[in-house]
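Notes for the structure review
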Amino acid sequence: MKVVLQNLTKVFPSRDKKAGKEVVAVNDFNFEIPDGKLIGLLGPSGCGKSTTLYMISGLQKPTAGKIFFGDDDVTEVSTENRGIGLVFQNYALYPHMTVQQNIMFPLENLKGADKLSKQEKLDRALNAAKLVQIDELMDRKPSELSGGQQQRVAIARALVKMPRVLLLDEPLSNLDARLRLQTREEIRRIQKETGITTVFVTHDQEEAMSISDMIVVMKLGVVQQIGKPQEVYDNPVNLFVAKFLGTPPINVLMGEVKGEKLYIGADAVLDVKGVSDQKVYVGIRPEGFELDENGALSCALSNVEVMGRDVSVVSRNDAAVSPVIRSIVSSENIGALTGETVRYNLKANKVFLFHAETEERIYF
Amino acid sequence: MVDSKQQWKAWLYLAPAIVLLLIFTVWPIINTVRMSLLENYKSLEAVRGATFQFGFGNFQKVLEYKRFVQCLKTTTLLCVLTVPISTILALLIAVALNSIKFLQKGLQTIFFLPYVTNSIAIGMVFAAMFNIVGLRNGLNGETIADTWGIINNVIMFFGAEPINWINYGSSYAANIAVMTVYIVWNALPFKILILLGGLQSINKQYYEAARVDGTPRRRVFSKITVPLLSPMLAYVVITGFIGGFKEYTSIVGVFGDTMGPAGDKGRLNTMVGFIYDALESNNQGRASAGALILFGIILVVTLINGYVSKKKVHY
């Protein structure tokens, strides 16, 4: 089931009537979610990603715009008739019911022709539980489960009525780091097995990048960029997207283009064809540095963090916007790291230029 | 742990409370048990130096009293009628209040008014409302008897016969009906307050989850709201029964301290009323025995409540 969002907008009236400023949580969102894909809505808190998810779910009504599931316009369809499964951030498992009762709860509401016999309900619940590997825990109460297990129960409950679209609100935020890694693989597996179009919301770029077929980066209610994770990472459209994706984060420096050459401080570091003379933000991915004794960019060496396979070199440059410049280089090359200065050559495909005022990407 | 040398300080700080508790709570309890176990104990005679035999005679006498059995019957009847009715009504009102935004605060205040109003005053108002015949002075100083109470006015407005609720010659059932209305109304605010607080602490996401699954409202109420509210429900039921067995002021409020309609004094007397009567007639032994029986009944009811709620209350 593809999901189409057309000019989707949500405006919240202001709380304080005197202040009179309404909040545009989502502004003119257009996106066609392809059938059977896993989509990550990504952005800092307050960017409207959860609002978008709740509008798809039908729990919130859009102020303007339309939502289609396949060819059906569901904008005015109430949430229970949309055929969605929703997993809440804190799971919202009913504490007084066992795992089995929780998973079966959505089935009990089916009416008329959809009504299931007791045995069918039990079978469906068991199948859903098996899919998320909690069939051993059917008689437990949610309070007797770990966070990861509760998460699985919540997913099973959302899947049991075979939704057309599965929505997950920050599915991993309540789990510890190890469990998070494991669970995100699990979500990926379940999504692949069921083939249900899935949308999930996260503020963690690593999470989104690692399992999504496509990511949507949002800021203050406005979609910044949509694409495959690697594409967005390799080709950010503006400074915000470049800064938001990647760990360690991208290094940002002030630079200047003069005569189709990029200067950082006094160093001419890169040829930039077709860019007019102007001040620019220069974004350099940590892996975009090459150690070279005769390198074009010189920085003051602070320290070297050894991480095994790679080495993270921390240095300083007066032009840097971020406090330090962090580069990741192969540990084989650290012989060149002596003295107080470190010199780099830059890989052109890992360097992005952004307009000094609009922060939009300048291609070269 | 507090250093043992410092412990005297802790005891010093606790002393005022402990002394007061010992004098006004612990000793009276011990004394009640003592008096109840001394045959025919009367404190006036005890002061003169009389001695009393140890035994269970007080309990036996109390239980043999027809009056006591009547008190027990009235009290139990009122409890069994008012606790479920007031709990269910309070639950419905609390749910309704919780689901509206407009006027919520104002209505909350109105529902809370009985709680802050003197129960004798409320009783007098109820007595006036349920009155059947009132006397008033006519223009020429003559006495006119006519229907006075608003309830009977309403009944007559719909063309039915007025009912003698509380006056001379009224039936026991009518008396109990009036008391049930009064006690339920009086018990509502506290219960609504507790249940509304409970409702507001239920995570909204349970309801959103139920909505996504298309749960009908009735099922949301029975499968989600009531179970999640069960600790508060258990609390209001238990305190309701405890309060109900101690019913006394409400009867005085409506019927005055004759505890019954004119012509049938003491018909609506309760357990606490029985104990007061025994004290008034200087029968401390019998009063103590009555108090301990009341204590026993409340204890048993509370234990049953606790047992039931262990099975039905979640968490």
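Residues numbered from 1 in each chain as written. Chains lettered and ligands numbered in written order. Predicted model: local features only at pLDDT ≥ 70, side-chain atom pairs only at ≥ 80, totals over all residues. Heavy atoms only, no water.

1. Let's talk about the environment of alanine 50 of chain B
Residues and elements named next belong to chain B. Here is the rule: What counts as a helix is a DSSP run of H or I of at least four residues, what counts as a strand is a run of E of at least two, and both are numbered from the N terminus. Only protein chains enter the calculation, and the probe is 1.4 Å; a residue is then buried if its accessible area is under 20% of its type maximum, exposed if over 50%, and partly exposed in between.
The topology assignment puts alanine 50 in the loop between α2 (43–47) and α3 (57–64). A residue is classified by how much of its surface remains accessible, and alanine 50, at 33% relative accessible area, is partly exposed. For alanine 50 and leucine 20, which are 30 residues apart along the polypeptide, the C-alpha to C-alpha distance reads 30 Å.

2. Section: the side chain of threonine 202 of chain A
All names here are of chain A. To be explicit about the condition: Throughout this description, a polar contact denotes any pair of N or O atoms lying within 3.5 Å of each other; where both atoms belong to protein, one of them has to be capable of donating a hydrogen while the other can accept it, and for residues adjacent in sequence the pair is counted only when both atoms sit in side chains. Working rule for contacts: check all heavy atoms of both residues, and any pair within 4.5 Å makes them a contact.
As for its position among the elements, threonine 202 is in strand β8 (residues 197–202). Polar contacts involving the side chain of threonine 202 include one to the main-chain amide nitrogen of aspartate 204, which spans 2.9 Å. At 2.9 Å, the side chain of threonine 202 forms a polar contact with the side chain of glutamate 207. Beyond its immediate stretch of four places on either side in the chain, threonine 202 contacts Leu41, Leu42, Gly43, Lys49, Glu170, Glu207 and Ala208.

3. Regarding empty space enclosed by the protein
Note the cut-off: Detection works on a 1 Å grid of protein atoms alone, calling trapped sets that fit a 1.4 Å probe cavities and calling open sets with protein on both sides within 12 Å along at least five of seven lines pockets, with lining residues defined by an atom within 4 Å of a point. Grid points are joined across faces, edges and corners, and a volume is the space filled by probe spheres set on the points. Basically, the charged four are Asp, Glu, Lys and Arg, the nonpolar ten are Ala, Val, Leu, Ile, Met, Phe, Trp, Tyr, Cys and Pro, and anything else, Gly included, counts as polar.
If you walk through the whole model with that rule in mind, you get three cavities of 30 Å³ or more. A volume near 60 Å³ is recorded for the largest cavity. Ile84, Gly85, Leu86, Phe88, Arg157, Ala158 and Lys161 of chain A together with Ala209, Val212 and Asp213 of chain B are the residues that line the largest cavity. Secondary structure elements with two or more residues in the lining of the largest cavity: β6 (84–87) and α4 (147–159) of chain A together with α9 (204–212) of chain B. Here the element with the most residues in the lining of the largest cavity is β6 of chain A; it accounts for three residues. Class assignment of the residues belonging to the lining of the largest cavity gives a composition of six nonpolar, one polar and three charged.

4. Section: the domain arrangement of chain A
All names here are of chain A. For the record, the criterion: What marks off one domain from the next here is an automatic or database domain assignment. Note: buried area is the sum, over both parts, of the accessible area (probe 1.4 Å) each one loses when the two are combined. Only one rule defines a salt bridge in this text: a Lys or Arg side-chain nitrogen within 4 Å of an Asp or Glu carboxyl oxygen.
Each assigned domain of chain A is listed with its residue range as follows: domain 1 (3–244) and domain 2 (251–362). When each unit is reduced to the centre of its C-alpha atoms, the spacing between domain 1 and domain 2 is 39 Å. Between domain 1 and domain 2, the contact holds nine residues from the first and ten residues from the second. Buried area between domain 1 and domain 2, summed over both chains or domains, comes out near 940 Å², and the portion from carbon and sulfur atoms is 49%. Area buried by domain 1 at its contact with domain 2 is led by Tyr233, Pro236 and Leu239, which between them contribute 54% of it. Linking domain 1 with domain 2 are one salt bridge. With a shortest N-O distance of 3.8 Å, aspartate 234 and lysine 350 are connected by a salt bridge. For the pair domain 1 and domain 2, the interface holds seven residue pairs in polar contact (both at pLDDT 80 or more).

5. Observations concerning the pattern of salt bridges
All names here are of chain A. One pass over the full model with this rule turns up 16 salt bridges over all chains. The partner of aspartate 213 in a salt bridge is arginine 188, and the shortest N-O contact between them spans 2.7 Å. Of this pair, aspartate 213 sits in the loop between α6 (205–211) and β9 (214–219) while arginine 188 sits in helix α5 (residues 177–194), placing them 25 residues apart in sequence.

6. Describing the nonpolar core
Inclusion rule: Nonpolar core, defined: a set of buried Ala, Val, Leu, Ile, Met, Phe, Trp, Tyr and Cys residues in which side-chain atoms within 4.5 Å join the residues together.
Grouped together as the largest cluster of nonpolar side chains are 54 residues, with contacts concentrated most on Phe29, Phe69, Leu86, Tyr94 and Leu167 of chain A together with Leu195 and Ile224 of chain B. In contact with phenylalanine 69 of chain A, not counting residues within four places along its chain, are Met1, Lys2, Val3, Ile56, Val74, Arg82, Ile84, Arg164 and Val165 of chain A. By size, the runner-up hydrophobic cluster in this structure holds 34 residues, among which are Tyr91, Ala129, Ala154 and Leu168 of chain A.

7. Comments concerning the packing of aromatic side chains
The relative placement of two aromatic rings is captured by the distance of their centres and the angle of their planes. Test applied: Any two rings among Phe, Tyr and Trp, with Trp reduced to its six-membered ring, count as a pair given centres within 6.5 Å; such a pair is stacked if its planes are under 30 degrees apart, edge-to-face if over 60, and tilted if neither. Geometrically, a lysine NZ or arginine CZ counts as sitting over a ring once it is within 6 Å of the ring centre and also within 35 degrees of the ring normal.
According to the stated counting rule, one finds 21 aromatic pairs over all chains in the structure shown. Chaining the aromatic ring pairs together yields one cluster made of Phe126, Phe130, Trp165, Tyr182 and Trp185 of chain B. The ring of tyrosine 233 of chain A carries the charged tip of arginine 285 of chain A above its face, separated from the ring centre by 3.9 Å. Of note, arginine 219 of chain B hangs over the ring of phenylalanine 105 of chain A, and the distance from its end group to the ring centre comes to 4.7 Å.

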